[in-house]
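Read off the chains here:
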Amino acid sequence: AAHPTINGLGAAYEPEAYKVGLQLYAPYYLRDEERGGFKRIQVEDSYDYTDPNNGSSDWYTNVINEAKPMWAEPYYGQAAKTWLAEYLSPFYLDGELAGVVYIDHSFDTLSEFMHTLDLGEEGYSFILTKKGKFVSHPDDTFVGRSILEKAEELDDDTMKKNGSRAIKGESF
């Protein structure tokens, strides 16, 4: 059985790196809840993932430009209907940069675990992205929104202060 937090995985090749004459090749295996296992889709059928002017291609172009593994900013996967964390790494063929391999992890299991933590009468846990967006919160109206946006909306100075510190990577 597939690991429950793995939502998808793929490899995206540089132009002609997979096969001479083949500009783009990017198989992606997406968890198929209905049938079990994974189903294959081709990313290049949807868009040119190598185009640096396409915001949807940042996951690929950032790794190629940096030439090092990295975590992407978590995002809401429309097909998966859940928040995902993506880990990406460049790969090489015969010493040449050939593309990016990546794996998408679901936040579902982590969120479920965090909501079981006993943090007292008024305590609760949540998960923020580096940019301050909620990906898990006991109140679903927070999920997908910025902590600073919610602090402003709720007129909550403590949330605003702590949110600013979190975005800077500080503890509080």
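See the structure above.
Rules used throughout
Residues numbered from 1 in each chain as written. Predicted model: local features only at pLDDT ≥ 70, side-chain atom pairs only at ≥ 80, totals over all residues. Heavy atoms only, no water. Helix = DSSP H or I, 4+ residues; strand = E, 2+ residues; numbered from the N terminus. Buried < 20%, exposed > 50% of the residue type's maximum accessible area, 1.4 Å probe, protein only. Core = buried A, V, L, I, M, F, W, Y, C linked by side-chain atoms within 4.5 Å. Contact = heavy atoms within 4.5 Å.

*Asks:* What exactly am I supposed to notice about unusual backbone geometry here?
*Replies:* With glycine set apart, most residues show a phi of negative sign, and most peptide bonds adopt trans. Of note in this structure, A67 is not a glycine but carries a positive phi near 55°. The topology assignment puts A67 in the loop between α1 (58–66) and β4 (70–71). Backbone geometry at D155 places phi at a positive 55°, although glycine is not the residue there. By the element assignment, D155 lies in the loop between α3 (147–154) and α4 (157–167). Overall, the relative accessible area of 65% leaves D155 in the exposed class.

*Asks:* Could you clarify how one ought to interpret the nonpolar core in this entry?
*Replies:* The nonpolar side chains of a soluble globular protein tend to be buried with one another. Among the nonpolar cores identified, the biggest contains 20 residues, and Y49, W59 and Y102 are the most heavily contacted of them. Elements with a minimum of two residues in this core: β1 (6–13), β2 (27–31), α1, β6 (82–93) and β7 (96–106). Element by element, the count of residues in this core is highest for α1, at four residues. Leaving out residues up to four positions away in the same chain, Y49 has contacts with A12, Y13, L24, Y25, A26, V43, E44, S57, W59, Y60 and T61. Residues W83, M114, I127 and V135 belong to the second largest nonpolar core, which totals six residues.

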